[in-house]
Amino acid sequence: MSATLGNLTPELAALQVEIEEYARGHGLDFFPTIFELIDADELNVIASRGGFPTRYPHWRFGMEYEQLSKSYSYGLSKIYEMVINNNPCYAYLMRSNDTIDQKLVMAHVYGHCDFFKNNACFAPTDRKMMDTMANHGTRVSRYIDEVGLEPVEQFIDACLSLEELIDIHSPFIQRRERPDRYNFQDRDRDDAARTGSPRYRSKDYMDSFINPRSAVGGLNDRDVEAAEADAPQQFPERPERDVLLFLLQHAPLSAWQADVLSIIRDEAYYFAPQAQTKIMNEGWASYWHSTIMIRQGLNASEVIHYCDHHSGTLASSPTQLNPYKLGIELFRDIESRWNRGAFGREYDDCDDHQTRREWDRQAGLGRDKIFEVRKIHNDLTFIDEFLTLDFVREQRLFQFGYNTDAETYEIESREFPKVKRQLLEMLTNRGRPIIEVTDGNYKNRGELYLCHQFSGVEVKLDEAADTLENLHKLWKRPVHLQTIVDGETAVLSFDGSSHEAQRGDPIDVADDSEDHA
Amino acid sequence: MEIQRDNRRFKEIVRGRIKENLRKYITHGEMIGRKGRDLVSIPVPQLDVPKFRFGKNGSGGVGQGDGKVGDPVGQPGDGDGGQGGAGSEPGSGHLLEVDVSLEELAEMLGDELELPRIQPKGSATIEAEKSKYNSIRQTGPESLRHRRRTYLRALRRQISTGNYEVDDPRVVPIRADHQYRSWNEVPLPQVNAVAIYLMDVSGSMTDEQKQIVRTEAFWIDAWLAKQYHGVERRYIIHDAVAKEVDEHTFYHTRESGGTRISSAYKEAAELIARDLPVDQWNIYCFQFSDGDNWGDDNRRAFELLAERILPAVNLFCYGQVESPYGSGDFLDAIEKEFGNHEAVVTSEIADRDGIYESIRTFLGKGR
């Protein structure tokens, strides 16, 4: 079964069949993959929309496009490869690339497709995202026709400002008891008491269609109060990390606003696994393109060209860890260790460097192990589990930081625990602060109180103030963020007109933010 | 395509930003980079959506390569591709260069300062011929061959003579099929405008003052060029004697002599008489000085101005740049003498922030 549905030239179609065969031969397991041959400009267009040809209209994509096409036309950057997590997988080949590059890209793409299909993080993602994104586009366009460009655009901007406030683990954990799917009575009574308008019986997944928000009506202040009478003391009961969901359920949004917010949230959940597995995903794809190309794909005339591009892809710089490089080296390290049997208690307890180096139990488990790793890990657990002292030494990794005296970044340490710690910190929650809703009825005045789970690094205050303004656009009551500034608990607040920051001594964050307002 | 719509929207937003900050761009001319003849590039703060992010004290990362502890490494983000460190996102220093045409910039300036359109003096009597490639001929150089038309003609000929085979659709143009692009002369009414800049380069004018003049001149040029579809610029510098120079010399010369404004007026008057027939040119004179002049020179200067310059020009603007050395008397003198003359405008520019108002004063007359 070969997927030659794209618009490939006969030569490239033949290549695809060939490479696909190699990939399958190594045990890669992927969705049907469709390659589209497109011009550089089209590629820039698609890349600026995050890989999707059709999305909702937004100026941000136009900005992205401007930068990509400018940087392409000045010869500063070029996109080699782009592949979409979808069933079937879509991948793009740039028309002007050499045959050897196309081969390399195809081999690389099959690695990604295998990863998308098999890695656990991607299991809950929408595999018809191509269509879903197009539907999102249609819905947003319809709202633009109904209420005008500016309100919709401003609302999208506000939502995007919060898009990272999702609970990346929630697809895998049942955080709250689901209302019994077939027991409608409680809900009926609640709703009737709250809005007085009838609510029809529905199953969970049909609810939004049978009882659309516009008919049932959003919450108003009075409703909130009424609902609070029999609500538990805490609202939400437990801190809610899916801030977008909380807003969706409790913020006073109109029907179209709620729909736009749900669109942004769906897309955030779709993209989250890609941020969570960047190192593994790129490492896996690089591992496979190099394996396939070196063992089978290359002919003698292409070797130099291939090496040039392969090393370009894996080049690392002192200040920017290349995920391709780190990923492929780790996968190779794991493969070699499991091939040699260099794992387990006995190996860990061995202190002699020479013995460890020459350790070989002929276990031959390497290939199986890396397939298992690609299935069950994400970047955070991948680094936590497999980044070893030997590896850090061998790869000459170091940890750097900002030296305020010298006003430069400098190497702070080459110690294994520090390097690992820094990496893990960077990967926790995709390198974003963890922020949860702790109180949706703060001061009993319907104000929203968010808490930053402090982990040693402060949030950027000026930007946080701007973000609070956007949050206020959705919540429409004063909003607060509790965090830590200079070692003291601080609460940043925005009440719709002015900013406030409370702590030991008041600090002024309002100054900066007024300009942006 | 849809991306064009998003791109257009993005540009609209950028234009909005530029307009909002126009005052800043006007007073700090060096922020604007000139790009070729018609484009300028303007740095605009990145239009990013604000998010909760880690701040500077978390900006560290992991790197790879040689080096001892304590060795400096480059700025994170220098390399391309790869994983950004936590909090290592570029901060407010990140700027987006946007290309804007001078014409558009002038448009914004006009809107912002509420400048009236200029009514060109005289009618558009002068006609310039312009070649437009808008027709087709049977003969011409090969480089101008119109391939599509040639092909179509050959195809038509082959079909009509029965030489076209569907299974073997080869079309071979012969000499008679060849078509070439050709031009017509289109007469274009043209209105000419010239800006004559006069500047005192005596010792009392410092670099700071010259920078102010330069910035102001940039915006005046942009506005005039928009109004007249191009503007010619002439430069005259003077201390005790005057001479016509090119733009670079104008801004970079520094003399130490005394000041005799009449010498510059004489030079300007001669320039007008020699090169710029009054009935064909809209002439704009901009004089910048720190207001110092030799006492007995004023009378002679005003004579020249009244008799030989003012009758010829649309507008005579005198901008006095405040200087620690100059006396600044000339402003009072010229106001006393010509305060009521409709073609004379004066303004005092205290510092960079004064440029904005000064431009408004100069160009606000709509002449």
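Refer to the preceding data block for the structure.
Residues numbered from 1 in each chain as written. Chains lettered and ligands numbered in written order. Predicted model: local features only at pLDDT ≥ 70, side-chain atom pairs only at ≥ 80, totals over all residues. Heavy atoms only, no water.

Trainee: Can you lay out the overall build of chain B for me, pointing to particular residues and giving the numbers?
Mentor: When you go through chain B residue by residue, the secondary structure sums to 10 helices and 13 strands. Excluding contacts between residues fewer than 6 apart, the proportion of contacts in chain B whose partners are at least 24 apart in sequence is 79%. A total accessible area of about 18400 Å² is found for chain B, and carbon and sulfur atoms account for 47% of it. (Helix = DSSP H or I, 4+ residues; strand = E, 2+ residues; numbered from the N terminus. Contact = heavy atoms within 4.5 Å. Areas by Shrake-Rupley, 256 points an atom, 1.4 Å probe, with all protein chains shown as cover.)

Trainee: Before we move on, can you summarise unusual backbone geometry with the specific residues and values?
Mentor: Most peptide bonds take the trans form, and the phi angle of most residues other than glycine is negative. All names here are of chain A. Looking along the chain, the bond that leaves asparagine 87 and enters proline 88 is cis, with omega of 0°. Along the chain, proline 88 falls in the loop between strand E2 (82-84) and strand E3 (89-94). The backbone of arginine 430 shows a phi angle near 55°, a positive value even though the residue is not glycine. Mapping arginine 430 onto the fold places it in the loop between helix H21 (416-427) and strand E6 (435-442). Under the relative-accessibility criterion, arginine 430 is labelled buried at 17%. (Buried < 20%, exposed > 50% of the residue type's maximum accessible area, 1.4 Å probe, protein only.)

Trainee: Give me the packing of helix H8 (residues 297-309) of chain B against helix H9 (residues 329-338) of chain B: which residues, what numbers.
Mentor: Residue and element names in this part refer to chain B. The N-to-C vectors of H8 and H9 enclose an angle of 45°; their axes lie 11 Å apart at closest approach. Regarding the angle of H8 to H9, the classification is oblique. Crossing geometry of H8 relative to H9 is assigned as right-handed. Contacts between H8 and H9 involve Asn298, Phe302, Leu305 and Ala306 from the first element and Phe330, Ala333, Ile334, Glu337 and Phe338 from the second. Residue classes in the contact of H8 with H9 are distributed as seven nonpolar, one polar and one charged. (Axes fitted to C-alpha atoms, helices over the stretch in contact; angles between N-to-C directions. Parallel < 35°, antiparallel > 145°, perpendicular 65-115°, else oblique. Left-handed = near helix turned anticlockwise from the far one by under 90°. Nonpolar A, V, L, I, M, F, W, Y, C, P; charged D, E, K, R; others polar.)

Trainee: Could you give an account of the side chain of histidine 58 of chain A, naming the residues involved and the relevant values?
Mentor: Mapped onto the fold, histidine 58 of chain A is located in the loop between helix H2 (40-48) and helix H3 (59-73). A polar side-chain atom of histidine 58 of chain A sits 3.5 Å from a polar atom in the side chain of tryptophan 59 of chain A. (Polar contact = N/O pair within 3.5 Å; in protein donor to acceptor, adjacent residues only side chain to side chain.)

Trainee: Describe the nonpolar core, and please don't skip the residues or the numbers.
Mentor: Judged by nonpolar contacts, the single largest core of 109 residues is most densely connected at Leu247 of chain A together with Phe286 of chain B. At 10 residues, the largest contribution of residues to this core is made by helix H5 (residues 207-228) of chain B. If you look at the next biggest cluster of nonpolar residues, it comprises 62 residues, including Phe122, Met280, Val419 and Leu423 of chain A. (Core = buried A, V, L, I, M, F, W, Y, C linked by side-chain atoms within 4.5 Å.)

Trainee: Account for H5 of chain B, with residues named and values stated.
Mentor: Taking 1.5 Å of rise per residue, the 22 residues of H5 of chain B would be expected to cover 32 Å, and the 31 Å separating its terminal C-alpha atoms lies within 8% of that figure. The buried fraction of H5 of chain B amounts to 17 of the 22 residues, a majority that puts the element mostly inside the structure. (Expected span 1.5 Å × (residues − 1).)

Trainee: An account of the pairing of strand E12 (residues 315-321) of chain B is requested, with residue identities and associated values reported.
Mentor: Residue and element names in this part refer to chain B. Counting buried positions along E12 yields seven of seven residues, so the element is predominantly enclosed. Residues Leu315, Cys317, Gly319 and Val321 line one face of E12 and the alternating positions Phe316, Tyr318 and Gln320 line the opposite face, and both faces are buried. Here six bridges tie strand E11 (residues 281-289) to E12, and the two strands are oriented parallel to one another. Within E12, the residue paired with phenylalanine 288 across the bridge is glycine 319. Bridging between E12 and strand E13 (residues 344-349) involves six bridges; their strand directions are parallel. When the bridges of E13 are listed, phenylalanine 316 appears paired with valine 344. (Pairing = 2+ DSSP bridges.)

Trainee: If you had to explain the interface of chain A and chain B to someone new, which residues and values would you point to?
Mentor: At the junction of the two partners, chain A supplies 72 residues and chain B supplies 56 residues. The contact between chain A and chain B buries some 5900 Å² in all, and 55% of this surface belongs to carbon and sulfur atoms. For chain A, the biggest contributors to the area lost against chain B are Trp59, Gln320 and Tyr409 of chain A; these three give 13% of the whole. The tally of links between chain A and chain B comes to nine salt bridges. Glutamate 150 of chain A is the partner of arginine 9 of chain B in a salt bridge, and the nearest nitrogen-oxygen pair spans 3.4 Å. (Buried area = accessible area lost by both parts, 1.4 Å probe. Salt bridge = Lys/Arg side-chain N within 4 Å of Asp/Glu carboxyl O.)

Trainee: Account for the pattern of salt bridges, naming residues and giving values.
Mentor: For the coordinates displayed, the defined rule picks out 52 salt bridges over all chains. Between lysine 278 of chain A and glutamate 282 of chain A there is a salt bridge whose closest N-O contact spans 3.9 Å. You can see lysine 278 of chain A and its partner glutamate 282 of chain A sitting in helix H13 (residues 278-297), four residues apart, about one turn around the helix. Its relative accessible area of 8% is what places glutamate 282 of chain A among the buried residues. Within the structure, one salt-bridge network assembled from shared partners comprises Glu232, Arg234, Glu244, Arg274 and Asp275 of chain B.

Trainee: Tell me about the environment of glutamate 208 of chain B, and please be specific about residues and values.
Mentor: Residues and elements named next belong to chain B. Among the structural elements, glutamate 208 can be located in helix H5. The exposure class assigned to glutamate 208 is partly exposed, which follows from its relative accessible area of 39%. When the C-alpha atoms of glutamate 208 and valine 321 are compared, they prove to be 9.7 Å apart, with 113 residues separating the residues in sequence.

Trainee: Please provide a residue-by-residue account of the packing of helix H15 (residues 323-340) of chain A against helix H19 (residues 379-386) of chain A, values included.
Mentor: Residues and elements named next belong to chain A. Their axes nearest at 12 Å, the elements H15 and H19 cross at an angle of 45°. Comparing their axes, H19 and H15 come out oblique. Our pair here, H15 against H19, has a crossing hand that is left-handed. Where H15 abuts H19, its residues Leu326, Gly327, Leu330, Phe331, Asp333, Ile334, Arg337 and Trp338 lie against Phe382, Ile383 and Phe386. Residues belonging to the contact of H15 with H19 are distributed by class as follows: eight nonpolar, one polar and two charged.

Trainee: Which residues make up a positive patch on the surface, and what values do they have?
Mentor: All names here are of chain B. Taken together, Arg147, Arg148, Arg149 and Arg181 make up a surface patch of like positive charges. Among the elements that take part in the positive patch, helix H4 (residues 147-160) stands out by supplying three residues, more than any other. With respect to the helices, strands and loops of the structure, arginine 181 is situated in strand E7 (residues 180-190). A residue is classified by how much of its surface remains accessible, and arginine 181, at 37% relative accessible area, is partly exposed. (Patch = residues over 30% accessible without salt bridge, like charges linked within 9 Å, V, L, I, M, F, W, Y side chains within 5 Å. Lys, Arg positive; Asp, Glu negative; His and termini not counted. Charge placed at Lys NZ, Arg CZ, Asp CG, Glu CD.)

Trainee: Just give me the short version of the sheet that holds strand E1 (residues 33-38) of chain A, but keep the residues and values in it.
Mentor: Residue and element names in this part refer to chain A. With mixed pairing, three strands are arranged side by side in an open sheet as E1-E3-E2. On the outer flanks of this sheet lie E1 and E2, each paired with one strand and no other. Strand-to-strand twist of the sheet, defined as the mean angle between neighbouring strand axes without regard to direction, takes the value 20°.

Trainee: Please provide a residue-by-residue account of the sheet that holds E13 of chain B, values included.
Mentor: All names here are of chain B. Across the sheet, which stays open at both edges, the six strands sit in the order E10-E9-E8-E11-E12-E13 with mixed pairing between neighbours. Among the strands making up the open sheet, the edge pair consists of strand E10 (242-245) and E13. Sheet twist, expressed as the mean angle between neighbouring strand axes with direction ignored, is 20°. Strands in contact with H5 are strand E8 (192-200), strand E9 (232-238), E11, E12 and E13; relative to E8, the strand with the most contacts, it is inclined by about 170°.

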